[in-house]
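Working through the structure, step by step
These are the residues of each chain, in order.
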Amino acid sequence: MLVLGRTLRALYSKSMSVVTQKYAGRCHCGNIALDMEFTGEPSSFNPRSCDCDFCCKHAASYVSDPRGKLVLKVKNAANLGEYRQGSGIADFLVCRICGVLVGVCYQEHGQMYAAVNSKVVENGADFGAETAVSPKKLNDQEKIQRWKKIWFADVSIETAGA
């Protein structure tokens, strides 16, 4: 059973002495749930509001931690929509039941990178101020380089029954 909402305790990694903050999120209907670990205070992560038409229509702003961890848990994989727009190199993850945009991912050589729509994080994580970004001004290689630098790099997707 998924436990949604912010976990109020911090975990300490003995090997790295890194403090992680655990958060959870989900789409409206609960078909897609997220477990996230951030390696710092939430206020040190500024959600990025993309100025492309797709993200503006969804009022999305993305948050990620390249040293953190993201687990997407999908109850019904048939209702996980993947939408490519713009340059077509990233997959936007949308619930086909409730229509919520939960995040975006990019995969290369078996490595997945992802960012989460900060609006789906439960219990109001106190992220830093939202900042505007304009990826459409970047070419494909610049986008990919940027994603690899700032998106979650420890990403997994779990489906029910898998």
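In short, a report on the structure. The model shown is predicted, which means the values in this text are computed figures rather than measured ones. (Residues numbered from 1 in each chain as written. Predicted model: local features only at pLDDT ≥ 70, side-chain atom pairs only at ≥ 80, totals over all residues. Heavy atoms only, no water.)

This paragraph deals with the overall build of the chain. When helices and strands are tallied, the chain shows 2 helices and 12 strands. Listed by position from the N terminus, the elements making up the chain come as β-β-β-β-α-β-β-β-β-β-β-β-α-β. When the 162 residues of the chain are sorted by exposure, 45% land in the buried category. Considering only contacts within the chain whose residues lie at least 6 apart along the sequence, 61% involve residues at least 24 apart. By element, 49% of the accessible surface of the chain is carried by carbon and sulfur atoms, the whole surface being about 8,800 Å². (Helix = DSSP H or I, 4+ residues; strand = E, 2+ residues; numbered from the N terminus. Buried < 20%, exposed > 50% of the residue type's maximum accessible area, 1.4 Å probe, protein only. Contact = heavy atoms within 4.5 Å. Areas by Shrake-Rupley, 256 points an atom, 1.4 Å probe, with all protein chains shown as cover.)

Here the focus is the side chain of Ser49. Here Ser49 is to be found in strand S4 (residues 48–50). Excluding residues within four positions of it along the chain, Ser49 makes contact with Ala60, Ser61, Glu130, Thr131, Ala132 and Val133.

In this structure, Met36, Phe38, Leu70 and Val116 are the most contacted members of the largest nonpolar core, which totals 25 residues. Contributing elements (two or more residues each) for this core: strand S3 (32–38), strand S6 (69–74), strand S8 (91–95), strand S9 (101–108) and strand S10 (111–117). Excluding residues that lie within four positions of it along the chain, Met36 makes contacts with Gln21, Lys22, Tyr23, Ala24, Gly25, Lys69, Leu70, Val116, Val121 and Phe152. Core analysis: the second largest hydrophobic core is formed by 19 residues, Tyr62, Ile89, Phe92 and Val104 among them. (Core = buried A, V, L, I, M, F, W, Y, C linked by side-chain atoms within 4.5 Å.)

Our focus in this paragraph is helix H2 (residues 140–150). Listed as buried for H2 are Lys143, Ile144 and Trp147. With its buried residues spanning 95 degrees around the axis, H2 presents them on a single face. Facing away from the buried side of H2, by more than 90 degrees, are the exposed residues Gln141, Gln145 and Lys149. The inward-facing, buried residues of H2 contact S9 and S10. Of the residues flanking the start of H2, the one acting as N-cap is Asn139, its side-chain oxygen 3.0 Å from the backbone nitrogen of Gln141. (Arc of directions from axis to C-beta. Polar contact = N/O pair within 3.5 Å; in protein donor to acceptor, adjacent residues only side chain to side chain.)

Take the packing of aromatic side chains next. Inspection of every chain in the model, using the stated rule, returns 10 aromatic pairs. Measuring from centroid to centroid gives 5.6 Å for Phe38 and Phe127, while their planes differ by 65 degrees, and the two rings are edge-to-face. One end of the pair, Phe38, is in strand S3; the other, Phe127, is in the loop between S10 and strand S11 (131–133), with 89 residues separating them in the sequence. Both residues of the pair, Phe38 and Phe127, count as buried. In textbook terms, an aromatic cluster arises when at least three aromatic residues are bridged by ring pairs, as seen for Tyr23, Phe38, Phe45, Phe127 and Phe152. (Phe/Tyr/Trp six-rings, centres within 6.5 Å; stacked < 30°, edge-to-face > 60°.)

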